[in-house]
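# Residue-level structural notes
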Amino acid sequence: MTDTATFDLAGKNFDYPVLSGSVGPDVVDIRKLYGQTGAFTYDPGFTSTASCRSEITYIDGDEGVLLHRGYPIGELAEKSSFMEVAYLLLNGELPSADELSGFNHTISRHTMVHEQLATFFRGFRRDAHPMAIMCGVVGALSAFYHDSTDIHDPQQRMIASHRLIAKIPTIAAMAYKYSVGQPFLYPDNSLSYTGNFLRMTFGVPAEPYEVNPAIERAMDRIFILHADHEQNASTSTVRLAGSSGANPFACMAAGIACLWGPAHGGANEAALNMLHEIGTPDRIPEFIARAKDKNDPFRLMGFGHRVYKNYDPRATVMQKTVREVFETLNVSDPVFETALKLEEIALNDPYFIEKKLFPNVDFYSGVILSAIGFPTSMFTVLFALARTVGWVAQWNEMITDPDQKIGRPRQLYTGPTQRSYVPVGER
Ligand code: CMC
């Protein structure tokens, strides 16, 4: 590509630099466009807009490639651990053995939450959605850690990041315990990050809890698969909230709020609910027909992606992990058979082929999480737990980016032009 792009606007030419990344599409740098032409660009949903530079995650949606700091997601899921991936995302390189053990130590020393935080939970109804609790309680952390909120101090930023990564499993487990009416469990720092989370979720104070190593490994892999996904809606929300210099804990609460939506992280819950609703493979054609019907708002949940126009590489690992968990637990689930059949039928249907709609990470995650014992309402919480790592890495990157500015999009105004106020009695 050339290194400038020329726009012809009202018969006048304007040149803009074309920037190249290390890989991926070039980017036209239009920062001076408004100043020079008086025009904005229009791009609802940012389908053609790069909102920042980033060195963290790369996706090639056409080829189904996802790299974290250059490492393919399949390799990380197979060979790495969630803590190692967290270190990689935050620091840019895989840790040495000493660095990894230091990181594990640091994270495990931040797993407890302030005792006072537990009282927040009691303000919620027992049947509150755990994502509602997560939004509130993670936001409330902003009131507790005044020593780590100078966002311009790299050390304070790192402490806030470590606190978030360490405390989010504790808070997620507390949200679960609150909903089932069981006592909260304190963290056990002799366990791994993921083992500790499983114990805080499924253990009870009355008896010892044995972490099943195969489930621990599967859960750790699920966390790796959700750790980051470049400028998705919730990450962009965290960046936008953080661009004003806001408190990092409050920014994460904003990310959680965005993730909750069924078009984003809420899709795993919606996908499993849909599979249950379908019930048996003979009802699949009816649901496929509904998904294709323009007059029906129904969509196949867990299918399609803004960026992937190929198989989501995370779905490949997830499908394999479902099989492994089922073998370990020696269970089978008709819902998994329905999911496999639905995938097969959809991938051979001209509508899905033409629109390049493939299973995404959420299609199989619900099946596996429910086999492990999580209620559907916890699925998005687990996504939030894992994505916190990506959010803090992206938030740190944003703060140190010399090009960073407060996020402030413009608009195409289509409302009334100026008019005079008419008193209520005269309207
Ligand atoms: N079922 C049926 N049709 C679909 C689906 C689907 N799941 N997804 C997209 N389409 C159709 C859509 O109707 C549209 O058709 P047309 O061009 O005729 O109007 C076309 O495909 C393009 O869809 P879009 O909504 O313009 O694409 P988008 O990039 O804005 O949306 C998406 C991406 C993920 C929101 C969408 O595919 C969707 O709603 N999928 C279901 C929800 C889901 O699984 N979300 C999880 C995403 S992965 C996890 C995460 O990152 O959060």
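Treat the numbers as computed from the prediction; the structure is a model and nothing was measured.

### Here we look at the domain arrangement of the protein chain
- Here the protein chain is partitioned into domain 1 (4-50), domain 2 (74-259 + 379-400) and domain 3 (266-372).
- The centre of domain 1, based on its C-alpha atoms, is set 38 Å off from the matching centre of domain 3.

### Here's the deal with the sheet that holds strand S5 (residues 65-68)
- What the three strands build is an open sheet, ordered S4-S5-S6; its pairing is antiparallel. The sheet is open, and its two borders are formed by strand S4 (57-60) and strand S6 (71-72), each paired with just one other strand.

### Thoughts on the UniProt feature "transmembrane region" (unreviewed entry) in the protein chain
- The UniProt record annotates "transmembrane region" (unreviewed entry) at residues 363-386.
- The span residues 363-386 is 75% helix and 0% strand, and its two end C-alpha atoms sit 17 Å from each other.

### Observations concerning unusual backbone geometry
- One non-glycine residue, Phe46, lies in the positive phi region at around 50°.
- Mapped onto the secondary structure, Phe46 falls in the loop between helix H1 (33-37) and S4.
- Exposure remark for Phe46: the relative accessible area of 52% places this residue in the exposed category.
- Its identity as a non-glycine residue notwithstanding, Asn330 has a phi of 55°, on the positive side.
- The topology assignment puts Asn330 in the loop between helix H14 (313-329) and helix H15 (334-347).
- On the accessibility criterion, Asn330 (71% relative accessible area) is exposed.

### Re the pairing of strand S2 (residues 12-19)
- The pairing of strand S1 (residues 4-9) with S2 spans six bridges and is classified as antiparallel. Each bridged residue has a counterpart across the sheet, and for Thr6 the counterpart in S2 is Asp15.

### Quick word on the UniProt feature "active site" (unreviewed entry) in the protein chain
- Listed under "active site" (unreviewed entry) in the UniProt record, and renumbered for this structure, are His305 and Asp362. These residues run over 58 residues, yet every pair of their C-alpha atoms falls within 10.5 Å of each other.
- Among all residues touching His305, those that are not within four sequence positions of it are His229, Arg314 and Asn360.
- Along the chain, Asp362 turns up in helix H17 (residues 361-372).
- When neighbours within four sequence positions are excluded, Asp362 is seen to be in contact with His226, His264, Gly265, Ala267, Asn268, Ala271, Gly302 and Phe383.

The rules we used
Residues numbered from 1 in each chain as written. Predicted model: local features only at pLDDT ≥ 70, side-chain atom pairs only at ≥ 80, totals over all residues. Heavy atoms only, no water. Domains from an automatic or database assignment. Pairing = 2+ DSSP bridges. Helix = DSSP H or I, 4+ residues; strand = E, 2+ residues; numbered from the N terminus. UniProt positions renumbered as here; feature names shortened; annotations may be inferred. Buried < 20%, exposed > 50% of the residue type's maximum accessible area, 1.4 Å probe, protein only. Contact = heavy atoms within 4.5 Å.

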